[in-house]
Amino acid sequence: MQVKLVALSLSSVLFFAANSCWAQQVYTVCLGEHEGACKPHDVYKYCYTNLEPLATGLCKSSGMSGRHDMVETNSYGGHKCGYSMIRVICR
């Protein structure tokens, strides 16, 4: 009987974790002059684009609240403005 209760409890915890605030959607955005010069990414935007509205829209379109964090994971020189790889983490 105890083993069944533990398995049920673990199952409940996993279901809660998958459907709670712990669940995240992550997008990689490349900012730069030429998309072909970007490292692997989900979304491309031209130099100096304001990513706040984009990130909010991406997160809302994935069924999340629209709240997000952004982290620059890489940047490198080249062409007009260089390239930045930004990770958008939806909460």
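Before reading on, note that the structure itself is shown above.
These figures come from a predicted structure and were not determined experimentally.

**Student:** I'm lost on the sheet that holds strand β4 (residues 83–90) in this one. Help?
**Tutor:** Note on sheets: strands pair through backbone hydrogen bonds, and any given pair is parallel or antiparallel. The strand order across the open sheet formed by four strands is β2-β1-β4-β3, and the pairing between neighbours is mixed. At either margin of the open sheet sits one strand with a lone partner, and together these are β2 (43–45) and β3 (68–76). The average angle at which neighbouring strand axes cross in this sheet is 25 degrees, direction not considered. In the sheet, β3 pairs with β4 via eight bridges, with the strands oriented antiparallel. When the sheet's bridge partners are listed, Met70 is paired in β4 with Val88. Each of β1 (25–31), β2, β3 and β4 touches helix α2 (residues 51–61); the most contacted strand, β3, lies at about 120 degrees to it.

**Student:** Help me understand the nonpolar core, please; the structure alone is not making it clear to me.
**Tutor:** The tendency in soluble globular proteins is for nonpolar side chains to be buried as a group. Counting residues in each nonpolar core, the largest one holds 11 residues, listed as Tyr27, Val29, Leu31, Val43, Leu51, Ala55, Leu58, Cys59, Ile86, Val88 and Cys90. Only β1, α2 and β4 provide two or more residues apiece to this core. The leading source of residues in this core is α2, at four residues. If we ignore the near neighbours within four places in the chain, the residues touching Cys90 are Ala23, Gln24, Gln25, Tyr27, Cys59, Ser62, Met64, Arg67 and His68.

**Student:** Would you explain α2 in this entry?
**Tutor:** Residues spaced three or four apart along an α-helix face the same direction, because each turn holds 3.6 residues. Every buried residue of α2 is listed here: Leu51, Ala55, Leu58 and Cys59. Along α2, the residues classed as buried sweep out an arc of 95 degrees about the axis, all on the same side. What points out from α2, more than 90 degrees from its buried face, is the exposed set Pro53, Lys60 and Ser61. Taken together, the buried residues of α2 touch β1, β2, β3 and β4. Where α2 starts, the residue carrying a side-chain oxygen 3.0 Å from the main-chain nitrogen of Glu52 turns out to be Asn50. Directly beyond the C-terminal end of α2, a positive phi value near 85 degrees is found at Gly63.

Basis of the calculations
Residues numbered from 1 in each chain as written. Predicted model: local features only at pLDDT ≥ 70, side-chain atom pairs only at ≥ 80, totals over all residues. Heavy atoms only, no water. Pairing = 2+ DSSP bridges. Helix = DSSP H or I, 4+ residues; strand = E, 2+ residues; numbered from the N terminus. Axes fitted to C-alpha atoms, helices over the stretch in contact; angles between N-to-C directions. Contact = heavy atoms within 4.5 Å. Core = buried A, V, L, I, M, F, W, Y, C linked by side-chain atoms within 4.5 Å. Buried < 20%, exposed > 50% of the residue type's maximum accessible area, 1.4 Å probe, protein only. Arc of directions from axis to C-beta. Polar contact = N/O pair within 3.5 Å; in protein donor to acceptor, adjacent residues only side chain to side chain.

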